[in-house]
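In case you want the letters, here they are:
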Amino acid sequence: MSEFIIKNGHVFDPVQGINGDKKDIAIKDGKITDKVGSGAKVIDASGKTVMAGAVEIHAHIAGPKVNLGRIYRPEDKLFSCTPTKGMERMGGGASIPTTFKTGYEYAKMGYTTAMEAAMPPMFARHVHEEIRDTPIIDEGAFPVFGNNWFVLEYLKNHEVENTAAYIAWLLRVTKGYAVKVVNPGGTEAWAWGLNCLSVNDPVPYFDITPAEIVKGLLEANEYLGLPHSMHIHPNNLGNPGCYQTTLDTLALAEGMKAKNKFGRESVMHLTHSQFHSYKGTNWGDFESGAKEITDYVNQNKNITIDTGNVTLDETTTMTADGPFEHHLTGLNNLKWANCDVELETAAGVVPYIYSPSISVCAIQWAIGLEIPLMMKDPMRCYITTDHPNAGPFTRYPRVIKWLMSKKARDTQINAFKHKDKVLSQTSIGSLDKEISLYELAQMTRAGPAKTLGLGHMCGGLKPGMDADVAVYNFNPDKPVANPDDIETAFSRCAHVFKSGVEVVKNGEIVGTGHKRTLWVNVKVNDNPQVMRDINEKFIKYYSMTQANYEALGHHFVPNPYALEVDATHV
Amino acid sequence: MTKTVTDVICPFCGTLCDDIEVVVSDDGKQLLEVFNACVIGSEKFLHSQAKDRVTKPRMRQEDGSWKDVSYDEAADYTAAMLAKAKKPLMYGWSSTNCEAQSVGNEIAEISRACCDNTAAVCHGTTLIAVQDIGLPTCTLGEVKNRADRIIFWGCNPAHAHPRHMSRYSIFPRGFFTGKGQMSRKMVVVDPRVTDTAKMADVHMQVEQGKDYELLNALRVAFRGEWLPDVVAGIPKEKIREAADMMKSGRFVIIFFGMGVTQSLSKNHNIDIAIAVTKDLNEYTKCSIMPMRGHYNVTGSGEVFAWQFGFPYSIDLSRGFARYNPGDTSSIDLLTRGEVDAMFTIGSDPGAHFPISAVKPIANMPSVCIDPHMTPTSGVSKLHVPVAFNGVETGGNCYRMDNVPIDCRKVVEPPAGMLTDEQFLVMVRDRLKKLKGVA
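Note that the structure is a prediction, hence the values are computed from the model and not measured.

## A few points about the sheet that holds strand β2 (residues 20-25) of chain B
The strands making up a sheet are joined through hydrogen bonds of the backbone, oriented either antiparallel or parallel. All names here are of chain B. Strand order in the open sheet formed by three strands is β1-β2-β3, with antiparallel pairing between adjacent strands. At either end of the open sheet lies a strand with only one pairing partner, and these are β1 (2-8) and β3 (31-35). Taking each pair of neighbouring strands and ignoring which way they run, the sheet shows an average axis angle of 20°. The sheet contacts of helix α1 (residues 39-47) involve β2 and β3, and relative to β3 the element is tilted by about 170°.

## With respect to the domain arrangement of chain A
All names here are of chain A. Under the domain assignment, chain A is made up of domain 1 (4-51 + 464-509) and domain 2 (143-451). With 15 residues of domain 1 at the interface, the matching set in domain 2 holds 15 residues. Going through the elements one at a time, β1 (4-13), β2 (18-28), β5 (49-52) and α16 (484-491) are the ones with two or more residues in the side of domain 1 that touches domain 2.

## Looking at the pairing of strand β10 (residues 185-189) of chain B
Residues and elements named next belong to chain B. The buried fraction of β10 amounts to four of the five residues, a majority that puts the element mostly inside the structure. Alignment of β10 against strand β11 (residues 202-204), held across three bridges, turns out to be parallel. Residue Val-189 lies in a different strand from β11, and its bridge partner there is Met-204.

## Examining the confidence of the model for chain B
When the pLDDT values of chain B are averaged, the result is 96; 100% of them are 70 or greater. Taken together, the chains of this predicted complex give a pTM of 0.97 and an interface ipTM of 0.97.

## What to know about the packing of helix α12 (residues 396-404) of chain A against α16 of chain A
Residue and element names in this part refer to chain A. The interhelical angle for the contact between α12 and α16, taken along N-to-C directions, is 140°, at an axis separation of 8 Å. With respect to α16, the element α12 is oriented oblique. Handedness of the α12/α16 crossing: right-handed. Taken together, the residues of α16 that come into contact with α12 (itself represented by Tyr-396, Pro-397, Arg-398, Ile-400, Lys-401 and Met-404) are Ile-486, Glu-487, Phe-490 and Ser-491. In terms of residue class, the contact of α12 with α16 is made up of six nonpolar, one polar and three charged.

Rules and cut-offs
- Residues numbered from 1 in each chain as written.
- Chains lettered and ligands numbered in written order.
- Predicted model: local features only at pLDDT ≥ 70, side-chain atom pairs only at ≥ 80, totals over all residues.
- Pairing = 2+ DSSP bridges.
- Helix = DSSP H or I, 4+ residues; strand = E, 2+ residues; numbered from the N terminus.
- Axes fitted to C-alpha atoms, helices over the stretch in contact; angles between N-to-C directions.
- Contact = placed C-beta atoms within 7 Å.
- Domains from an automatic or database assignment.
- Buried ≥ 20, exposed ≤ 12 C-beta atoms within 10 Å, placed from the backbone.
- pLDDT = per-residue confidence, 0-100.
- Parallel < 35°, antiparallel > 145°, perpendicular 65-115°, else oblique.
- Left-handed = near helix turned anticlockwise from the far one by under 90°.
- Nonpolar A, V, L, I, M, F, W, Y, C, P; charged D, E, K, R; others polar.

Structure below.
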């Protein structure tokens, strides 16, 4: 493999505590190394910013609901098609780009790892086919557990060990990465057209509450010692007053400690927290609950969050929170797609326009920025747009601009039709903080990598780690003349290396790298009861046979990378 | 000695049954018996053993006779045809696996082809309606476990999807439907008294072409508003009875087929059927599902969508993907004489397209990739027989509810025969050389 040395760049690496020092980064055999030979190719990064490849902790980029979005929104391709160019396949789509475009766009922004946030287990084979066709970036997928019949039945009797054995089995057959929970219990209720809006609403028939599901899955996650914490989208998303449900959910993790060998410290990851931080009683007195949520998270070190920034675009919402999408189509009257999945989950899709002329959208925008600005520890708060729910991931450079520049925020606030309402219902106007590049590296690299249990592999530039490196045309020594320059610089990298292969040069794709599918292989003690239950469910209730359920073979996962977990000792 | 292969997937219809058992000879070369499959599915497996099967590519000669050629020659011809053509049409894809479709899309991208699948003459109108209004749907196991109101509209599963009712919709005893068919009410809407209609609790014998009116009347009936005495040939009492039956269900599912997608009003029929579904979700839970025909037409739409952004009728001739059914759809392209080469795989337009669209195929360079001799192979210049997907090779396929199921290989193909994917890879590599692409 070729050697590279990236010289004289301003390096930002929270893993080693490097804050903008001029340093050389050497790459050899796909890893960061101390030194390379004289034959190494020199990349001049003087006057540029050098960071590890960014890590996406939560995005909907592959799988059935994403593709349903593509199928049913031809309008999303209008003016967003990209022709075949060099080694780039043709692409299309703004909020739900085709797989090839997804890979290229992430890479061009300096992202080298991304997690698909919700994989219906029964559709794992579809998710993996799309991951296979998404070039460059390493990807993992989180199977959803919060409405799974096995989980509901085991946790009704608080059988954590059986739940854990089932999780281990499902991660293996779906090549999944983590325990994802979406509207626990509520999506099962949705199969009857109902919902669970608080942590104490019982799930129809199963007679268990969301609180019991969450608590049990938290315990099972630590029982196994998985790389990632339990990753949750709580009940009551997107409703005025929902912050209280969020606090109730977060409280379930109280007193719990992370147990794993991957260096992860959190036990619960609250995703797209913006959507869960609303106060008020209706859309008229709608206001920000960012302070209440961040106050709680700041005090409780075993919780991490990501933002879910609204980017003020036309986009396509999609979630395994089936009842929420039905509620949303009632609000905006745009086309509604839904798919209930037997024994496991559901999903909905509705297009949405976050208009700067609508006060609620503008307040959502403000909340999304308040959260990271109010969080004291950037290692526990990560930037996402919950792609494509609050906006497409291609808008990350714009979100970074808003976070790094008060001036940019003020410009946007002044452009809102209901500026006064934004200022009265949120505290965005009084927040002067501007995120530093070091904090940005924490929020997009070191932090998410650590919480995903990948801190030993990626998210940093320490010798021995994967050589995922991004070089930005951004000189930290010079004052920023125009905030838009930040957005421009973070939109297209000067260089990106993925596992030591140069994949982007001057904002163009020059290599497809060595794409891997990340999954978690957990060894557990034999559990005949769980195996018998699985067998029985397939015989009686699934519409396919157990033998055909596993995502197996080269055409699904051509280049797997398994994180091994041994949970047999417990 | 023989051996039995279990959990085999049937490569016939969109029901994609995956519980088939196949008995093969000890050397894995002969397929002897098929269990659990319907009569069509069994035939599909057994047909692969036909002694008169074409096993070598054949090129049409000047005098109209066929001449056997090698796969290399066939790939040369196909690549040269696609390289030379200004606007080739690559049609079919519904009876092959997703891996072959993927390679085909690469070929289409290099040769700037128009890509289309059999949805163009089947559920394409459904897709247009879905793009208008959305689609509340579910997997077939949800129907099995929960549905107590089953509506078959313009479809006849008793003949077209023979195991649909026993596996998923009417007879199975699911988690919340322990009494099987006793816990379900069945409504059939069909102008004909089909074998499916004969089983129904309520059969609404709609006047031909009046489905839209009847669906609209149901929406009125849900709301308890005024109805004329007769709508679409159905007395209003019967419409109200059906509406009440649907509203009183705990979980309603509407299955629909070509009777509504390809009759008068086309996509508008589906628009309003989906609106009926949405309406019912105000009272109870309701889903709707198209009864997809080919076993992997759904998969073709999925692969097209994640690679190009659209589910069918895609035109790549400008170097990026465009989608405009009516303009970019196969029959229209052929009848307008816009394409100058025809590539068919895994379907039979010769049997299903209007004659005005089939005639041009005979007059242009054309390739048909199909294990069988079909009307399409009959009018094509080159016929490339391949291994039966789902019998002689595996590969991923998508059921009518979009659930992916990986097909199994149960027997070896005749010696020397290639699979769809293998042949397409040969074509792709040659085409890349001809076009000078890396």
